[in-house]
Amino acid sequence: MTTTTTTTTHDLLERFAQQRAAGKRHKDAAHAIGISEGQAIALHAGRSGHAIEATPLGAPWLELLQGLEPCGPVLALTRNDSTVHEKTGTYRNLSGSEQIALALGEEIDLRLFLHQWHAGFAVREGLSLSLQFFNSAGVAVHKIFARDATDRMAFEALIARHAQPGLDKAFVAAGAKPAPRPDGAIDATALSGAWAEMKDTHEFFGLLKKFDVERQQSLRLTEGAFTRRASKAAVRELLHEAAFDGTAIMVFVGSPGCIQIHTGPVQRIEPMEMHGMQWLNVLDPGFNLHLREDLIASVWIVQKPTSDGVVTSVEAFDADGALMAMFFGSRKPGKPELEAWRAIVAKLTPLETAA
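This write-up is about the structure you can find in this document. (Residues numbered from 1 in each chain as written. Predicted model: local features only at pLDDT ≥ 70, side-chain atom pairs only at ≥ 80, totals over all residues. Heavy atoms only, no water.)

Observations regarding the sheet that holds strand S15 (residues 287-292)
As a general point, the strands of a sheet are linked pairwise by backbone hydrogen bonds and lie either parallel or antiparallel. Taken in spatial order, the nine strands of this open sheet run S1-S7-S8-S9-S2-S3-S15-S14-S13, and their pairing is antiparallel. Each of the sheet's edge strands pairs with one partner strand only, and the pair in question is strand S1 (52-57) and strand S13 (269-274). Direction aside, neighbouring strands of the sheet carry axes that sit 20° apart on average. The sheet strands contacting helix H5 (residues 152-162) are S1, strand S2 (74-79), strand S7 (119-125), strand S8 (128-134) and strand S9 (140-146), and the helix crosses S8 at an angle near 40°. (Pairing = 2+ DSSP bridges. Helix = DSSP H or I, 4+ residues; strand = E, 2+ residues; numbered from the N terminus. Axes fitted to C-alpha atoms, helices over the stretch in contact; angles between N-to-C directions. Contact = heavy atoms within 4.5 Å.)

Structure (structure tokens):
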């Protein structure tokens with residue numbers, strides 16, 4: 001390592017520490033000094049004397065995740081730029097491949113796109129011990145934190161089995177998001193026809209690929225038939241309604257490498273303003289949601305035909321068209337959608353009324 005590189009690394013570490021001392025999260029502290037979160041964590045690998053210690057971890061990722069069950073309850077965290085989803089529970093029933101996998105536990109329910117997982121680290125900071133995974137651009141795809149109820153010896157043994165101290169994964173700048181095709185280039189009639197023929201909600205992803213249509217664009221092109229717009233307050237409305245009447249819901253939040261799902265009731269809904277940001281929080285035992293309500297640019301009510309009847313989702317998007325979170329009524333395959341959920345959706349303020 002050259003002197004220039006050493007000096008630069010030392011400077012970045014000091015600046016990152018200053019941002020952390022100012023109260024910023026890892027992601028925000030890293031961005032404040034012009035690097036990705038993954039790069040910031042990687043800088044600490046093999047270096048002592050800093051508040052953070054990072055140990056590189058090696059794949060296979062599925063094997064590592066399958067090794068979590070003996071550790072007992074941990075905190076699973078998946079987030080995107082606007083929304084954080086936290087679930088406490090035990091990792092169980094993991095299956096799949098090193099490309100795509102599932103965790104189908106009652107508490108920890110994940111869809112894992114492991115081909116997007118580029119680097120992993122065991123991260124120690126004060127009393128906090130976590131496993132953190134990033135894609136090639138240094139964006140966090142999933143994190144796992146030890147809690148009071150975690151078997152620390154089992155957690156440490158898992159880290160030791162997968163530790164690769166000399167592993168050095170380079171990160172690259174994220175590429176620009178491709179622009180959607182013009183609406184006029186898409187056969188909206190055929191899209192609507194294929195939509196009507198769906199038998200399972202999972203067919204929707206294939207439909208988007210078949211017609212080469214961006215997600216929110218597809219909602220716009222089928223508006224009035226399968227979709228309608230709701231006010232930006234719809235997410236807050238549905239959470240309060242579900243909490244009031246005890247309706248079990250499903251909350252989906254995704255990163256580039258993981259979709260994390262909560263299924264069950266929600267109880268404590270707490271809006272909060274902090275540093276000019278409007279947060280909508282669910283603060284329940286075992287489940288926390290933190291959503292930047294001020295970043296909601298549009299909300300859509302979406303209906304998909306299935307062999308079990310129509311399934312309805314409420315989907316929130318930010319100004320860049322990124323999906324912030326999706327909400328469904330709790331359901332199992334083979335069962336129709338909850339009437340209580342449909343009643344909640346029917347009450348949501350339409351965009352026209354809000355305007």
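Still more to cover.
Looking at the sheet that holds strand S18 (residues 323-329)
Within the open sheet, the nine strands sit side by side as S4-S5-S6-S12-S11-S18-S17-S16-S10. Their pairing is antiparallel. At either end of the open sheet lies a strand with only one pairing partner, and these are strand S4 (94-96) and strand S10 (227-230). Each strand of the sheet is rotated relative to its neighbour by a mean of 20°, with strand direction disregarded. Pairing geometry for strand S5 (residues 101-104) and strand S6 (residues 109-112), over four bridges, is antiparallel.

What to know about the pairing of S8
Most of S8 is tucked away: six of the seven residues are buried. In this structure, S7 lies alongside S8, joined through seven bridges in antiparallel fashion. Its bridge partner being in S8, Ala122 is matched across the sheet by Leu131. In this structure, S8 lies alongside S9, joined through five bridges in antiparallel fashion. Among the inter-strand pairings, Phe134 is bridged to a residue of S9, identified as Ala140. (Buried < 20%, exposed > 50% of the residue type's maximum accessible area, 1.4 Å probe, protein only.)

A word on the layout of surface pockets
The volume enclosed by the second largest pocket comes to roughly 640 Å³. If you go around the second largest pocket, you meet 26 residues; those closest to its centre are Arg20, Gly23, Lys24, Arg25 and His26. Elements with a contribution of two residues or more to the lining of the second largest pocket: helix H2 (26-32), S2, strand S3 (83-89), S7, S8, S9, S13 and strand S14 (277-284). Of the residues belonging to the lining of the second largest pocket, the class tally is eight nonpolar, eight polar and ten charged. (1 Å grid on protein atoms, 1.4 Å probe; cavity = no way out; pocket = protein on both sides within 12 Å on 5 of 7 lines; lining within 4 Å. Points joined across faces, edges and corners; volume = space filled by probe spheres on them. Nonpolar A, V, L, I, M, F, W, Y, C, P; charged D, E, K, R; others polar.)

Quick word on the nonpolar core
If you look at the biggest cluster of nonpolar residues, it comprises 30 residues, and the most contacted ones within it are Leu65, Tyr91, Leu131 and Phe155. Contributing elements (two or more residues each) for this core: helix H4 (61-66), S2, S5, S6, S8, S9 and H5. Setting aside anything within four residues of it in sequence, one finds Phe155 in contact with Leu68, Cys71, Val74, Leu129, Leu131, Ile144, Ala146 and Thr150. Within the second largest apolar cluster, 28 residues are counted, among which are Ala242, Leu280, Leu289 and Ile296. (Core = buried A, V, L, I, M, F, W, Y, C linked by side-chain atoms within 4.5 Å.)

Observations regarding H5
Buried residues of H5: Ala154, Phe155, Leu158, Ile159 and His162, and no others. Seen from one end, H5 has its buried residues packed into an arc of 140°, which puts them on one side. In H5, the exposed positions that point more than 90 degrees away from the buried face belong to Met153, Ala160 and Arg161. Two to three positions downstream of the cap, the backbone nitrogen of Met153 sits 3.1 Å from a side-chain oxygen, assigning the N-cap of H5 to Asp151. (Arc of directions from axis to C-beta. Polar contact = N/O pair within 3.5 Å; in protein donor to acceptor, adjacent residues only side chain to side chain.)

Here's the deal with the packing of aromatic side chains
What describes a pair of aromatic rings is the distance from one ring centre to the other and the angle between the planes of the rings. Inspection of every chain in the model, using the stated rule, returns eight aromatic pairs. Consider the rings of Trp61 and Trp117, whose centres lie 6.4 Å apart with planes at 45°: the pair is tilted. Here Trp61, found in helix H4, pairs with Trp117, found in the loop between S6 and S7; they are 56 residues apart in sequence, far enough to count as distant. Within the aromatic cluster, the residues linked to one another by ring pairs are Trp195, Phe204, Phe205 and Phe226. If you follow Arg292 out to its NZ or CZ, it ends over the ring of Trp279, 5.8 Å from the centre. The ring centre of Phe204 lies 4.8 Å from the NZ or CZ of Lys304, which sits over that ring. (Phe/Tyr/Trp six-rings, centres within 6.5 Å; stacked < 30°, edge-to-face > 60°. Lys NZ or Arg CZ within 6 Å of the ring centre and 35° of its normal.)

Let's talk about empty space enclosed by the protein
In the structure shown here, the tally under the stated rule is one cavity of 30 Å³ or more. Of the pockets and cavities examined, the largest cavity occupies roughly 30 Å³. Taken together, Arg25, Lys27, Arg79, Asn80, Asp81, Ser82, Thr83, Val84 and Trp279 form the lining of the largest cavity. Residue classes in the lining of the largest cavity are distributed as two nonpolar, three polar and four charged.

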